[in-house]
Amino acid sequence: MGEFGRYYEKRWGCGMWHDKALEAVARERLKAAYAIMLDQLPYLAA
């Protein structure tokens, strides 16, 4: 499972509904993509 899969499980485990948890994951992915575009550096998952 990757970083975003773990993030989904964390959101879903906190009581979020499936669709809201997916929205949260999408928001995190957009934030990562935006940071990559700003920095112009490759993405390194933590």
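See the structure printed just above.
Here's what I pulled together on the structure shown here. The shown structure was predicted, so the numbers you read here are calculated from the model rather than taken from an experiment.

Once that is clear, we can look at the environment of Cys14. Within the secondary structure, Cys14 sits in the loop between α1 (3-13) and α2 (18-39). Judged by its relative accessible area of 60%, Cys14 falls in the exposed class. Note: C-alpha distance between Cys14 and Ala24 (ten residues apart in sequence) is 12 Å.

So, about the pattern of salt bridges. Tallying each qualifying case throughout the model produces two salt bridges. The salt bridge involving Lys20 is made with Glu23; its shortest N-O contact spans 3.7 Å. Taken together, the residues span about one helical turn, with Lys20 and Glu23 both in helix α2 at a distance of three residues. Relative accessible area serves as the criterion here: at 43%, Lys20 is assigned to the partly exposed category. Notably, a salt bridge pairs Glu28 with Lys31, separated by 3.0 Å at the nearest N-O pair. One end of the pair is Glu28 and the other is Lys31, both in helix α2 and three residues apart, which spans about a single turn.

Together, Tyr34, Met37 and Leu38 line one region of the surface with nonpolar side chains, adding up to about 370 Å² of accessible area. Positionally, Met37 belongs in helix α2.

Conventions we followed
Residues numbered from 1 in each chain as written. Predicted model: local features only at pLDDT ≥ 70, side-chain atom pairs only at ≥ 80, totals over all residues. Heavy atoms only, no water. Helix = DSSP H or I, 4+ residues; strand = E, 2+ residues; numbered from the N terminus. Buried < 20%, exposed > 50% of the residue type's maximum accessible area, 1.4 Å probe, protein only. Salt bridge = Lys/Arg side-chain N within 4 Å of Asp/Glu carboxyl O. Patch = residues over 30% accessible without salt bridge, like charges linked within 9 Å, V, L, I, M, F, W, Y side chains within 5 Å. Areas by Shrake-Rupley, 256 points an atom, 1.4 Å probe, with all protein chains shown as cover.

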